[in-house]
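What follows is each chain in one-letter form.
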Amino acid sequence: DQQVKQNSPSLSVQEGRISILNCDYTNSMFDYFLWYKKYPAEGPTFLISISSIKDKNEDGRFTVFLNKSAKHLSLHIVPSQPGDSAVYFCAARTLAGTASKLTFGTGTRLQVTL
Amino acid sequence: EPEVTQTPSHQVTQMGQEVILRCVPISNHLYFYWYRQILGQKVEFLVSFYNNEISEKSEIFDDQFSVERPDGSNFTLKIRSTKLEDSAMYFCASSEAPGQGSAGNTIYFGEGSWLTVV
């Protein structure tokens, strides 16, 4: 049941250019979307989030865009830096009981080259 | 910066043995979670916990799994009789109250406990 999809398993971008990571979802009940960065053998690190009632959220080099009609969101990183090389996970939130429940995509491995 | 801490970082156990994975959530957080990632697969939700009881659990979280908050700081995941397919990275996570803006809606993850069942 792939409610959250990241169709690009990998992406290579030159340093200084823009990285665009994409995510699609199917469940209209998702009310919050989050992007996490993950290094091997480490936990996901929160990057940026967006509420389903917004279409854009910006934090420094990171901007997330949400197109609710297309059920699509994207993470833009500009300018890309070598330290950004990691696996990026899109996650979508529903409220389950009284707590949050995240559904993750499969991740996109970003490689930022010199 | 406050963080979620987990122990052990890596544990190897024999099939059928009991395992307890420990977590110290961020101190002012009230909601606690366990997720896992089998090698090469997605991060999957296991269980959420609030006010000393399970809020939601997934199909994966069957009777061999249990969670507990034995004191004011620790949050544990117990696997009663481990199977080979339980081998995975287990992530503890915590959050403030959901719905309270971005702070409440953000879930923070620990570094993970890598469990290998042999």
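Structure's up top.
**Regarding the layout of surface pockets**
If you add up the space inside the second largest pocket, you get close to 440 Å³. Around the second largest pocket, the lining comprises 19 residues; the ones closest to its centre are Lys38(A), Val87(A), Phe89(A), Arg109(A) and Gln37(B). Of all the secondary-structure elements, those providing two or more residues to the lining of the second largest pocket are β9 (86–96) and β11 (108–113) of chain A. In terms of residue class, the lining of the second largest pocket is made up of 10 nonpolar, 6 polar and 3 charged.

**As for the side chain of Gln37(B)**
In this fold, Gln37(B) is placed in strand β4 (residues 31–37). Under the relative-accessibility criterion, Gln37(B) is labelled buried at 13%. Only 3.0 Å separates the side chain of Gln37(B) from the backbone oxygen of Gln41(B), close enough to count as a polar contact. Setting aside anything within four residues of it in sequence, one finds Gln37(B) in contact with Lys38(A), Phe89(A), Lys42(B), Val43(B), Ala88(B), Met89(B), Phe91(B) and Trp114(B).

**Points about the nonpolar core**
Phe33(A), Trp35(A), Leu73(A), Leu75(A) and Tyr88(A) are the most contacted members of the largest nonpolar core, which has 23 residues in total. Elements with a contribution of two residues or more to this core: β3 (19–25), β4 (32–38), β5 (45–51), β7 (62–67), β8 (72–77), β9 and β11 of chain A. Those residues in contact with Leu73(A) that sit more than four places away from it in its chain are Leu21(A), Asn22(A), Cys23(A), Tyr25(A), Phe33(A), Trp35(A), Val64(A), Phe65(A), Leu66(A) and Cys90(A). Within the second largest apolar cluster, 22 residues are counted, among which are Cys23(B), Ile38(B), Phe49(B) and Leu77(B).

**Considerations on the sheet that holds strand β8 (residues 75–79) of chain B**
Adjacent strands of a sheet form backbone hydrogen bonds with each other and so pair up, either parallel or antiparallel. Residue and element names in this part refer to chain B. Reading across from one edge, β1-β3-β8-β7 is the order of the 4 strands in this open sheet, with antiparallel pairing throughout. The outermost strands of the open sheet, each flanked by one partner alone, are β1 (5–7) and β7 (65–68). Taken pair by pair, the neighbouring strands of this sheet meet at an average axis angle of 20°, ignoring direction.

Each value, and the rule that gives it
Residues numbered from 1 in each chain as written. Chains lettered and ligands numbered in written order. Predicted model: local features only at pLDDT ≥ 70, side-chain atom pairs only at ≥ 80, totals over all residues. Heavy atoms only, no water. 1 Å grid on protein atoms, 1.4 Å probe; cavity = no way out; pocket = protein on both sides within 12 Å on 5 of 7 lines; lining within 4 Å. Points joined across faces, edges and corners; volume = space filled by probe spheres on them. Helix = DSSP H or I, 4+ residues; strand = E, 2+ residues; numbered from the N terminus. Nonpolar A, V, L, I, M, F, W, Y, C, P; charged D, E, K, R; others polar. Buried < 20%, exposed > 50% of the residue type's maximum accessible area, 1.4 Å probe, protein only. Polar contact = N/O pair within 3.5 Å; in protein donor to acceptor, adjacent residues only side chain to side chain. Contact = heavy atoms within 4.5 Å. Core = buried A, V, L, I, M, F, W, Y, C linked by side-chain atoms within 4.5 Å. Pairing = 2+ DSSP bridges. Axes fitted to C-alpha atoms, helices over the stretch in contact; angles between N-to-C directions.

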